[in-house]
Amino acid sequence: MILRRTQYELARRVVGPTLLRLEAWQKARARSGRGPRGGPFGPPLESTRKLKELLSLHYLAGRYADGAVPVAWVTSGFPVELLRPLGFHAVYPENHAAMCGVQRIVPELSDAVEQQGYSRDLCSYARTDLGSVVTGKTPAGRLPRPDLLCCCTNICQTVLYWYKALAAHFQVPLVLVDTPYVYGEVRAHDLPYVRAQLEELVAVAERVAGRRVDPEELRAVTVRAREGSRLWGECLATSRARPAPWTGFDGFFHMAPIVALRGGEECNAYYRLLRDELQDRVKRGIGGIREERHRLLWDNLPMWFAVRELSTLLAERGFNFACTSYTNAWAEAGVQVDPADPYGSAARAYTHVILNQDLSNRLGILRRLAREYSCDGAVLHSDRSCKPYSIGQVDLRERLARELSVKVLLLDADHSDPRAWAAEPGENRLTAFMESFG
Amino acid sequence: MSAAAPGGAAALGLDAGSTTLKAVAIDAAGRILARRVEPSHPRIGEQAERLLAALRAEVGGEPPVGATGYGRKRVAAGRALTEITCHARGAFALAGRPGVLLDMGGQDTKVIRVGPGGEVQDFAMNDKCAAGTGRFLEVILARLHVPLAEVAEQAARAARPVTVSSTCTVFAESEVISLLASGEPLEGIVKGLHAALASRTAAMVRGAGEGELLMSGGVALNAAMVAALAEALGRPVRVLPEPQLAGALGAALAVLGRSG
Ligand code: SF4
């Protein structure tokens, strides 16, 4: 235990950073002579280096986390603030699956579980994660074994069955937070119901961690989580400027800390750095793309495996995603947590995430974003995997187009399984959509 | 329309589709002077160059080329645009007014709301599989040994359509085989196939709203399909003159910088 703990801390604080710097130096040498990201894009963000370092460290430390500290695997919409004071190392299977999506290894991992009888109609994140568990394959080197599984149904019901499968595999406790769906307004009895579950979950987490939550520490984590979300919101808000200082696709990558490291000081320090850089670019008129002619809104998860291709296709024609409902979700929920009432405020915040809200609320969010970011069009990614995000988009498309007089495209794809994306016809549609702007 | 006097051609337009290659030469007024239509070969770039060379030989000169369709990137062209933009422009030029354009081609079915300047106001396309496209009819009719030339007559002869529930090309194929095996008449099945496809397409067309319904693409040459669509939609379908050429015409107009 002590040895393991030492390894974990060394990876996080001492050896990890040195290794990463060495790697960065080697890469920079290999790259020298090649120019930075060019073409239709603006100069690359300096902060990206720090982002990579932060995430690599997180995954590197993760390799040594089990046995050193308690490990929880959590869904992206889980109130992780309640676990942090207990010293949990939190693993986000969705975040990890996105990484697998970028590296295009999802088909291979998915095949492994499809052979076990899981359907390809399941969310590709679930297939990826379960595939990684059964094959041991991961771009992170190794994922630590969980001591606790934490699942919140505010994003979908898939996570419930997915985490049950994980619980059966790892034979560890599963805590479930069930958040009633919000139709219009939340009902009076919903929040106490959620809150009671949060209290129960902390009791279980305390047993697993072998210690009690220190209320002071919980308050401090809540303050940091709220601050982190606020800072992330400030980063996103810089794109209200013309030109937007980064691309919406950049945002998909830079959101990783607010998802996976929320509540920690390193997350906030990172977003201060990023915000300052973005604000500076705004002041100097530096855009994420060289020539911003049109600004779009993106709804739903990105297509992780094709982010580069799509952003280039768009940027070459002067299109940028000034905002995305997905990255925005993490700026909206977290700011509602309140150190004065960590449980009650978490119940409220996590019940109101975008995927737990009905269509008219979602329409309201899209409408507001499109206005605030002066978008003249929207692309609604109809994600084969993410049914809760994609359902209702035909109506959303029609309403958005009518009420805001903007052009809206529905694009069929998947967030991480490239087999559900027909690149040629898909890019053709996107191109036709851009041509229709004249 | 016959070949123009040498020098009369202002632009060439090429529509390199998944099933057919179409090319036109137009004069400065946008009139079609010459045309070529051929089934697509796998070596689409070479085929396109050959077709364009034939057109050049016919109309003379070296007019600029506009290209569209899936193979557009494999052709040296002054301007390459998607078939959605080009069909809208071509249809607008052929119809002389805006409307809702239904283009049914080999691999795509598109519904385009064409604005008063020939521009695309909105569009929708079939899902990424071939269900509900020209390819669907082609495959199933070939399986039934019904030549395209006889389709309309067969469908018209049917006393009633036999219900074909699937528009998935693969499933429909086995469905029609079992319908035949159970003694259903061939004409009725042919009519039923068209009705199934029309009902699927009608849903897309309705989503595009009101306006005169124009039709282009190779499937527009199939009178049985046009009749089935008119029936499913309860509104007239106006087939554009030379419906297969709308995309190529639009591409040629685009290189001239004209919308219609
Ligand atoms: S279905 Fe959607 S919300 Fe649920 S895990 Fe998959 S991507 Fe996330």
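Everything below is about the structure printed above this text.
Definitions and limits used
Residues numbered from 1 in each chain as written. Chains lettered and ligands numbered in written order. Predicted model: local features only at pLDDT ≥ 70, side-chain atom pairs only at ≥ 80, totals over all residues. Heavy atoms only, no water. Helix = DSSP H or I, 4+ residues; strand = E, 2+ residues; numbered from the N terminus. Buried < 20%, exposed > 50% of the residue type's maximum accessible area, 1.4 Å probe, protein only. Contact = heavy atoms within 4.5 Å. Areas by Shrake-Rupley, 256 points an atom, 1.4 Å probe, with all protein chains shown as cover. Lys, Arg positive; Asp, Glu negative; His and termini not counted. Charge placed at Lys NZ, Arg CZ, Asp CG, Glu CD. Buried area = accessible area lost by both parts, 1.4 Å probe. Salt bridge = Lys/Arg side-chain N within 4 Å of Asp/Glu carboxyl O. Polar contact = N/O pair within 3.5 Å; in protein donor to acceptor, adjacent residues only side chain to side chain. Near = heavy atom within 4 Å. Nonpolar A, V, L, I, M, F, W, Y, C, P; charged D, E, K, R; others polar. Phe/Tyr/Trp six-rings, centres within 6.5 Å; stacked < 30°, edge-to-face > 60°.

Novice: Help me understand the overall build of chain A, please; the structure alone is not making it clear to me.
Specialist: When helices and strands are counted, chain A shows 18 helices and 8 strands. In terms of principal-axis extent, the alpha carbons of chain A reach across some 65 × 55 × 50 Å. Considering chain A as a whole, with its 438 residues, one finds that 59% of them fall into the buried category. A fraction of 80% describes how many contacts in chain A between residues 6 or more apart in sequence connect residues 24 or more apart. Counting only carbon and sulfur atoms, one obtains 53% of the accessible surface of chain A, whose full area is about 17700 Å². For chain A, the centre of its 57 positive side-chain charges and the centre of its 51 negative side-chain charges are spaced 4 Å apart.

Novice: Teacher, can you tell me more about the interface of chain A and chain B here?
Specialist: Where the parts come together, the accessible area they lose is often given as the size of the interface. Counting residues at the interface gives 16 residues for chain A, matched by 17 residues for chain B. Summing the contributions of chain A and of chain B, the shared interface buries around 1400 Å²; its carbon and sulfur component is 46%. Inspection of the region where chain A meets chain B yields 2 salt bridges. The residue A:Glu424 makes a salt bridge to B:Lys73 at a minimum N-O spacing of 3.8 Å. Taken together, the links from chain A to chain B amount to 7 residue pairs in polar contact (both at pLDDT 80 or more). Secondary-structure elements contributing two or more residues to the side of chain A that touches chain B are strand S8 (407–413) and helix H18 (423–435) of chain A. Among the elements that line the side of chain A that touches chain B, the one with the most residues is H18(A), at 8 residues.

Novice: How should the pattern of salt bridges be read in this particular structure?
Specialist: Where side chains of opposite charge bring their charged atoms close, a pairing between them can arise. Residue and element names in this part refer to chain A. Scanning the entire structure with this criterion turns up 53 salt bridges over all chains. Between Arg187 and Asp190 there is a salt bridge, with the nearest N and O atoms lying 3.1 Å from each other. A relative accessible area of 3% means that Asp190 is categorised as buried. A salt bridge links Asp280 to Arg284; its shortest N-O distance comes to 3.1 Å. Here Asp280 and its partner Arg284 are both found in helix H11 (residues 265–284), 4 residues apart, which amounts to about one turn of the helix. A single network of salt bridges, built from pairs that share partners, joins Glu227, Arg230, Glu234, Glu265, Arg272, Arg275 and Asp276.

Novice: Just checking my understanding: could you explain the site of the ligand for this structure?
Specialist: As a structural note, the neighbourhood of the ligand is formed by A:Glu94, A:Cys123, A:Tyr125, A:Ile155, A:Cys156, A:Val159, A:Trp162, A:Leu301, A:Leu355, A:Ser385, A:Cys386 and A:His415. Looking at the shell around the ligand residue by residue, the classes come out as 9 nonpolar, 2 polar and 1 charged.

Novice: Explain the packing of aromatic side chains to me, please; I cannot follow it from the model alone.
Specialist: The description of an aromatic ring pair rests on the distance of the ring centres and on the angle between the ring planes. All names here are of chain A. In this structure the tally under the stated criterion is 17 aromatic pairs over all chains. On the numbers, 5.8 Å between centres and 55° between planes, the contact of Phe249 with Phe252 is tilted. A residue pair is termed a helical-turn pair when its members lie 3 or 4 positions apart in one helix, as Phe249 and Phe252 do in helix H9 (residues 248–254) at 3 residues. Note on Phe319 and Phe437: the rings are 5.1 Å apart at their centroids and 80° apart in plane angle, and the pair reads as edge-to-face.

These figures come from the coordinates and say nothing about function on their own.
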